[in-house]
Amino acid sequence: MFGMIIVGAKFIGGLLGLIGIPLLQWLIITVTFGIAAPWAVCLKESWIAEHTVIDGRQLAFNGTGGQLFGNYIKWFLLTIITCGIYSFWLSIKMKQWITKHTHFI
């Protein structure tokens, strides 16, 4: 992938979404005391993908909150078992999961 040259990439999202999605995420996470955080993450990633065009091709995100919730449980347990050491990999694992579920239409 490092040798690939992207000719034209553009983000076509608007200001309303750019402000509204984080507010909606905050509301979802706050009302559910964080339990629905995976669904809020998927909401944001779906919005970003729907508004991103690369070389004339639309991106799509097909991850679900349920899938991510399962990973959250697994990652939480691994963090506890390793006395917090696994937490250093959580950001990478999240990016890998998001990338795995993002594709061209």
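Worth saying up front: this structure is predicted, and the values here are computed from it rather than measured.

K.L.:
Mind showing me how you'd approach the packing of aromatic side chains here?
P.N.:
For any two aromatic rings, the description comes down to two numbers: the centre-to-centre distance and the angle of the planes. For the coordinates displayed, the defined rule picks out four aromatic pairs. With centroids separated by 5.5 Å and ring planes inclined at 70 degrees, the aromatic side chains of Phe-11 and Trp-47 adopt a geometry described as edge-to-face. Of the two residues, Phe-11 sits in strand 1 (residues 9-11) while Trp-47 sits in helix 2 (residues 37-50), which places them 36 residues apart along the sequence. Residue class for Phe-11 comes out partly exposed when judged on its relative accessible area of 42%. With a relative accessible area of 13%, Trp-47 lands in the buried category.

K.L.:
What is the right way to look at the side chain of His-101 in this model?
P.N.:
Looking at the secondary structure, you find His-101 in the loop between helix 4 (90-100) and strand 4 (102-104). Of the polar contacts made by the side chain of His-101, one reaches the side chain of Gln-67; its length is 3.5 Å. His-101 has contacts with Ala-60, Phe-61, Asn-62, Gly-63 and Gln-67, leaving out every residue within four places of it along the chain.

K.L.:
Help me out: how do you make sense of a nonpolar patch on the surface in this one?
P.N.:
A cluster of nonpolar side chains, Ile-35, Trp-39, Phe-69, Ile-73, Phe-76, Leu-77, Ile-80 and Ile-81, forms an exposed patch at the surface whose accessible area comes to about 830 Å². A per-element tally of the nonpolar patch places helix 3 (residues 65-81) first, with six residues.

K.L.:
Help me understand the environment of Gly-66, please; the structure alone is not making it clear to me.
P.N.:
Looking at where Gly-66 falls in the secondary structure, it is placed in helix 3. Here the alpha-carbon distance between Gly-66 and Trp-89, two residues 23 residues apart in the chain, equals 21 Å.

K.L.:
Before we go on, may I ask you to explain helix 1 (residues 15-31) in this structure?
P.N.:
For an α-helix, 3.6 residues make a turn, and residues three or four places apart therefore share a direction. With 17 residues, helix 1 should cover 24 Å at 1.5 Å per step; its first-to-last C-alpha distance of 24 Å lies within 8% of that length. Within the span of helix 1, buried status applies to Gly-17, Ile-21 and Gln-25. The buried residues of helix 1 occupy one face: seen down the axis, they fall within an arc of 70 degrees. Residues Leu-15, Leu-16, Leu-23, Trp-26 and Val-31 are exposed on helix 1 and point more than 90 degrees away from its buried face. Immediately beyond the C-terminal end of helix 1, within one or two residues, lies Phe-33, with a positive phi of roughly 55 degrees.

K.L.:
Is there a simple way to explain the sheet that holds strand 2 (residues 52-54) in this structure?
P.N.:
Either a parallel or an antiparallel arrangement is found when strands of a sheet pair, and the pairing is made through backbone hydrogen bonds. Read from one edge to the other, the open sheet built from four strands follows the order 1-2-3-4, with strand pairing classed as antiparallel. Looking at the sheet topology across the chains shown, the edges are occupied by strand 1 and strand 4. Averaged over neighbouring strand pairs, the angle between their axes works out to 30 degrees when direction is ignored. By the bridge criterion, three bridges tie strand 1 to strand 2 in an arrangement that is antiparallel. The partner of Phe-11 across the bridge, within strand 2, is Thr-52. Docked against the sheet, helix 2 engages strand 1, strand 2 and strand 3 (57-61), running at close to 170 degrees with respect to strand 3.

Each value, and the rule that gives it
Residues numbered from 1 in each chain as written. Predicted model: local features only at pLDDT ≥ 70, side-chain atom pairs only at ≥ 80, totals over all residues. Heavy atoms only, no water. Phe/Tyr/Trp six-rings, centres within 6.5 Å; stacked < 30°, edge-to-face > 60°. Helix = DSSP H or I, 4+ residues; strand = E, 2+ residues; numbered from the N terminus. Buried < 20%, exposed > 50% of the residue type's maximum accessible area, 1.4 Å probe, protein only. Polar contact = N/O pair within 3.5 Å; in protein donor to acceptor, adjacent residues only side chain to side chain. Contact = heavy atoms within 4.5 Å. Patch = residues over 30% accessible without salt bridge, like charges linked within 9 Å, V, L, I, M, F, W, Y side chains within 5 Å. Areas by Shrake-Rupley, 256 points an atom, 1.4 Å probe, with all protein chains shown as cover. Salt bridge = Lys/Arg side-chain N within 4 Å of Asp/Glu carboxyl O. Expected span 1.5 Å × (residues − 1). Arc of directions from axis to C-beta. Pairing = 2+ DSSP bridges. Axes fitted to C-alpha atoms, helices over the stretch in contact; angles between N-to-C directions.

Interpretation note: all reported values are geometric properties and have no functional meaning in isolation.
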